[in-house]
Amino acid sequence: MTILTLAVSLPPAPASLLKAKTRAVGSLTAPRTLPLDLASPRFFSRSDPTDETAIAALFGARTVDEFPAESDADDADDADLEYLLTLDPVAWKQQDHYRVLGLADKRYRATPDEIKAAHRARVLKHHPDKLAAQLGGKDNDAVFKCIQKAWDTLSDPAKRRQFDSVDKGVDDRIPLESALRALYAESPTKFYAEVQRVCDREARFAPNPAKAAPFGDADSPRRVVDTFYDYWYSFGAKSWRSFEYEDKDDVDASSNRDHKRYMENKNKAERTRKKTEDNMRIRIFIDRALAVDPRLKKFKEDEKLAKKAKQQQQKGGRPGSAPSPAPAAAAAATAKSTPAATAAKAARPGTAAAAAATKQPAPTAATPSAESAAKLAEAQDLLAKQAERDRKALVKKEKKTIKTLITKDFTYLSATPPTSQQMESTLVALESLLETCKDDATELGDIRAKLESAAPSGLAAVKAVFDAEVARHAREAADAALKHQNAALRAANATSAKTGARPWSAKELHALVSGVNKIPGGTQQRWEKIADHVAHHSGEPLRKVADVIAQSKQLLVPGGGASTAAALKSLQDQQKRAAGEIKDAPTLRDEYAMHG
């Protein structure tokens, strides 16, 4: 190493500077000796670099350097950037627009100003030039295009409504009736809060969410409760929720007019189907809340008390005596009773109003009360028909969901590509399971919920749940068939005891029913032929014609014959299943579609 020493001499001060007049503007303080640790907030030997207590004590709090608080903002930004880099501008409809703009925690609650500010922050942070510098010079305009698509969608009120209608970031699941009952058993307040939470979430589709009818609490009056159920049972007509955003066919992409019309009708039909399912989802939730709501039972009890109090008042009332006062609860319930109920009470025989009505001449035209009663009956009939249609639609939806889950999502419960035999056996078990449910929407919903809850655990869990449900329903069907068969045999033995003949077996009863249906009335020697038919098909000795006629009459007795006929039907189904007969052969369309 070579060390060079340079001799540097400073030039003399300028003469002008020496001639200038100077004056003191202050005085220096006395020198002090301070530890180096206290004088430097960034000295490496300090035990805690963030401890500025000594510096603040010597020079004041304003001279202290503030260390920023640690936060997860950088980690969140890295996670957002990773998500943005996975997006494809071509498939912009599949992206989460709120997450793209950093509003995943607010979603439909975000205001237009917040959306505008979030878009500006995203553009400044993820501009193509800045993003290329972060990615090491790699040019990536896809992130900026996705941000712009999110802004175009959420800044337009109409487009934002379409996206909010199908936003996957909002959980649209409704609680089961069993869950609501468990909440009420734990705490009635939790039950009311849970129902209100779901209603507040669904009220975002209302024209004015602030005017949505509240669920109330245990102390809510009858008017509030009736308003809630009236509002939410007809919520489907008020909701602006639509499903245009999920249209599969792009009408603008076609230049053929007929093809455009076809795609428009197809999209419209799909939207109508989804809208109907969504309305049914709301009605099912309100039905579950209604089944658990204890306030309606309380209101009915109050009405009964009001009726009893009024009857006692009418029976105890005499000329010149004041009527006895009714309880407060009964009076309140009486005041809340409907006009139709009041008219029905007045028309009850034996009452004073009924006696007064008999003295008046019969009206020639329909009175307003009769017209309102007719309108009420018509409305109830329409509601009943609509409820039945909704029930059938729900049953159809549950069956379709279960079939899709078994046949498509989990490929006929097979880990490998299923063979035709595996597909056939799975379809037979599936049809048997659905048939034993007998269009019970609740039972089908429970099976669907069990399968969906087991789906995240994999194929083995779904197969275990499916096999358990099939076995359970098979046991229940066998028990019911045995019960009906025993009832039929008891009825047949009772008839045999009366006539003195030997007891009828199940095969004979089955042959008797088939013979009566096969050989019509008016046939010559009909009962002799039916007796021969029973002996031939049951393998039992020939019975007397009188015994056959007596047993046939027993089948036609109201009540007794019903159990016998049901037993025979269950016996017939059991024999078919034992023989391996399939009523409806399973289709192999899914297999052809898979291998085709």
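Residues numbered from 1 in each chain as written. Predicted model: local features only at pLDDT ≥ 70, side-chain atom pairs only at ≥ 80, totals over all residues. Heavy atoms only, no water.

## Here we look at the overall build of the protein chain
Here is step 1 of the chain: Each helix and strand in the protein chain was counted, giving 27 helices and 0 strands.
Here is step 2 of the chain: Of the contacts formed within the protein chain by residues at least 6 apart in sequence, a portion of 64% connects residues at least 24 apart.
Here is step 3 of the chain: Surface accessibility of the protein chain: about 39,300 Å² in total, with carbon and sulfur atoms responsible for 56%. (Helix = DSSP H or I, 4+ residues; strand = E, 2+ residues; numbered from the N terminus. Contact = heavy atoms within 4.5 Å. Areas by Shrake-Rupley, 256 points an atom, 1.4 Å probe, with all protein chains shown as cover.)

## Description of a positive patch on the surface
Here is step 1 of the chain: Among the surface-exposed residues, Lys300, Lys304, Lys307 and Lys308 lie close enough to one another that they form a single positively charged patch.
Here is step 2 of the chain: Residue placement: Lys308 occurs in helix α15 (residues 295-316).
Here is step 3 of the chain: Given a relative accessible area of 53%, Lys308 falls into the exposed group. (Patch = residues over 30% accessible without salt bridge, like charges linked within 9 Å, V, L, I, M, F, W, Y side chains within 5 Å. Salt bridge = Lys/Arg side-chain N within 4 Å of Asp/Glu carboxyl O. Lys, Arg positive; Asp, Glu negative; His and termini not counted. Charge placed at Lys NZ, Arg CZ, Asp CG, Glu CD. Buried < 20%, exposed > 50% of the residue type's maximum accessible area, 1.4 Å probe, protein only.)

## Quick look at the packing of aromatic side chains
Note on aromatic pairs: each is described by the distance of the centres and the angle between the planes.
Here is step 1 of the chain: In this structure the tally under the stated criterion is 15 aromatic pairs.
Here is step 2 of the chain: Through pairs of rings, three or more aromatic residues link up here, namely Tyr184, Phe191, Tyr192, Phe215, Phe228, Tyr229, Tyr231, Trp232, Tyr233 and Phe235.
Here is step 3 of the chain: The ring centre of Trp240 lies 4.4 Å from the NZ or CZ of Arg161, which sits over that ring.
Here is step 4 of the chain: The ring of Trp504 is capped by Arg543, whose NZ or CZ atom sits 4.2 Å from the centre of that ring. (Phe/Tyr/Trp six-rings, centres within 6.5 Å; stacked < 30°, edge-to-face > 60°. Lys NZ or Arg CZ within 6 Å of the ring centre and 35° of its normal.)

## Structural notes on the packing of helix α20 (residues 420-437) against helix α21 (residues 441-454)
Any two packed helices are characterised by the angle at which their axes cross and by the distance between the axes.
Here is step 1 of the chain: Running from N to C, α20 and α21 point in directions that differ by 140°, and their axes come no closer than 9 Å. The angle between α20 and α21 falls in the class oblique. In this structure, α20 uses Leu433, Leu434 and Cys437 to contact α21, whose residues at the interface are Glu443, Leu444 and Ile447.
Here is step 2 of the chain: In the contact of α20 with α21, the residues fall into 5 nonpolar, no polar and 1 charged. (Axes fitted to C-alpha atoms, helices over the stretch in contact; angles between N-to-C directions. Parallel < 35°, antiparallel > 145°, perpendicular 65-115°, else oblique. Nonpolar A, V, L, I, M, F, W, Y, C, P; charged D, E, K, R; others polar.)

## Concerning the nonpolar core
Here is step 1 of the chain: Grouped together as the largest cluster of nonpolar side chains are 46 residues, with contacts concentrated most on Val195, Phe228, Trp232, Ile402, Ile406 and Leu451.
Here is step 2 of the chain: Only α11 (188-202), α12 (222-233), α14 (257-292), α19 (368-409), α20, α21 and α22 (459-499) provide two or more residues apiece to this core.
Here is step 3 of the chain: Among the elements that line this core, the one with the most residues is α14, at 7 residues.
Here is step 4 of the chain: Leave out the neighbours within four places in its chain, and Leu451 touches Ile402, Leu405, Ile406, Val462, Val465 and Phe466.
Here is step 5 of the chain: Ala110, Val123, Ala150 and Tyr245 belong to the second largest nonpolar core, which has 22 residues in total. (Core = buried A, V, L, I, M, F, W, Y, C linked by side-chain atoms within 4.5 Å.)

## With respect to empty space enclosed by the protein
Here is step 1 of the chain: Enumeration over the complete set of coordinates arrives at 1 cavity of 30 Å³ or more.
Here is step 2 of the chain: Put simply, the largest cavity is a space of about 40 Å³.
Here is step 3 of the chain: Every residue lining the largest cavity is listed: Ile174, Val198, Cys199, Glu202, Trp232, Ile282, Phe285 and Ile286.
Here is step 4 of the chain: Where the lining of the largest cavity is concerned, the elements lending two or more residues are α11 and α14. (1 Å grid on protein atoms, 1.4 Å probe; cavity = no way out; pocket = protein on both sides within 12 Å on 5 of 7 lines; lining within 4 Å. Points joined across faces, edges and corners; volume = space filled by probe spheres on them.)

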